[in-house]
Amino acid sequence: MTWFGLRALRIKLGIHTGLTAVLPLVVGLFGMVPARAQGAVDNWADFRKRLENCWQVPSGTEGSLIAFRFGLNKAGALRGKPLVTARRLTGDADAQMRFVEAATLALDTCLPMRVTPSFGAILGESPIRLRFINTKPSAAYQINSNITIFAPQPCRCGCRQHSKRARPPFRRPPSFH
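Please read all numbers here as calculations on a predicted model, not as lab measurements.

Conventions and cut-offs
Residues numbered from 1 in each chain as written. Predicted model: local features only at pLDDT ≥ 70, side-chain atom pairs only at ≥ 80, totals over all residues. Heavy atoms only, no water. Buried < 20%, exposed > 50% of the residue type's maximum accessible area, 1.4 Å probe, protein only. Helix = DSSP H or I, 4+ residues; strand = E, 2+ residues; numbered from the N terminus. Polar contact = N/O pair within 3.5 Å; in protein donor to acceptor, adjacent residues only side chain to side chain. pLDDT = per-residue confidence, 0-100. Contact = heavy atoms within 4.5 Å. Core = buried A, V, L, I, M, F, W, Y, C linked by side-chain atoms within 4.5 Å.

Asks: Any chance you could break down helix 3 (residues 44-54) for me, citing the residues and the numbers?
Replies: Inspection of helix 3 places Trp44, Phe47, Arg48, Arg50, Leu51, Glu52 and Cys54 among the buried residues, and these make up the whole buried set. Where helix 3 starts, the residue carrying a side-chain oxygen 3.1 Å from the main-chain nitrogen of Ala45 turns out to be Asn43.

Next comes the structure, spelled out in structure tokens:
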């Protein structure tokens, strides 16, 4: 059973497979590298980028959102179970389940995260509010432990070749052509 009731959702939908059984396959298919295998994080911007790189947005979930509140210890590991504080799921039951599982997988893949001792001291005192949103980016409160991650968007030219993860609108997006 995952930490926030995903099992109940699976039972309700009639799906009884375990996420942990497919985790190695999904990680291998999408090329995600667990954050603990990368260098140590020492600031909120790098922390956000690591979480961003762990999330693979499932298709058919446009408009969906899930928000968590959780704490990490000084070593970058979860302190208890993340609490789902909000969710707005779109699409059919399968799409909704895939969106919740993708957010869960992002946290499972990224955490524990290697952190520097100085950033670990900050993490140990900061509740983290994390939102995964499958929409175009909009103004979002991105200060310290308040983190919003938007779905990747195609580049301005409209092609899929340069698809990049969306950045909040107050940053200038890179130009490619």
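That shown, we press on.
Asks: Go over the confidence of the model for the protein chain, please, and point to the residues and values.
Replies: Confidence in the prediction for the protein chain averages 77 pLDDT; 65% of positions are at 70 or higher. Every residue in residues 1-36 is under pLDDT 50, and counting partners more than four places away or in other chains gives 61 contacts. For the stretch residues 166-173, pLDDT sits under 50, and the model shows 18 contacts to residues farther than four places along the chain or on other chains.

Asks: Got a sec to walk through the nonpolar core? Specific residues and values, please.
Replies: Judged by nonpolar contacts, the single largest core of 29 residues is most densely connected at Phe47, Leu51, Ile128, Leu130 and Phe132. For this core, the secondary structure elements donating two or more residues are helix 3, strand 1 (65-72), helix 4 (93-110), helix 5 (117-123), strand 3 (128-133) and strand 4 (146-150). Counting residues per element, this core draws most heavily on helix 4, at seven residues. Here Leu51 is in contact with Leu107, Cys110, Met113, Leu130, Ile147 and Ile149, once residues within four sequence places are set aside.

Asks: Can you lay out the environment of Arg79 for me, pointing to particular residues and giving the numbers?
Replies: Topologically, Arg79 is positioned in strand 2 (residues 78-88). Spatially, the C-alpha atoms of Arg79 and Gly124 are 9.1 Å apart, while their sequence positions differ by 45 residues. Those residues within four positions of Arg79 in sequence are excluded, and the remaining contacts are Gly71, Leu72, Asn73, Leu123 and Gly124.

Asks: Before we move on, can you summarise the environment of Phe68 with the specific residues and values?
Replies: Tracing the backbone shows Phe68 in strand 1. The class for Phe68 is buried, based on a relative accessible area of 1%. Note: C-alpha distance between Phe68 and Leu83 (15 residues apart in sequence) is 5.4 Å.

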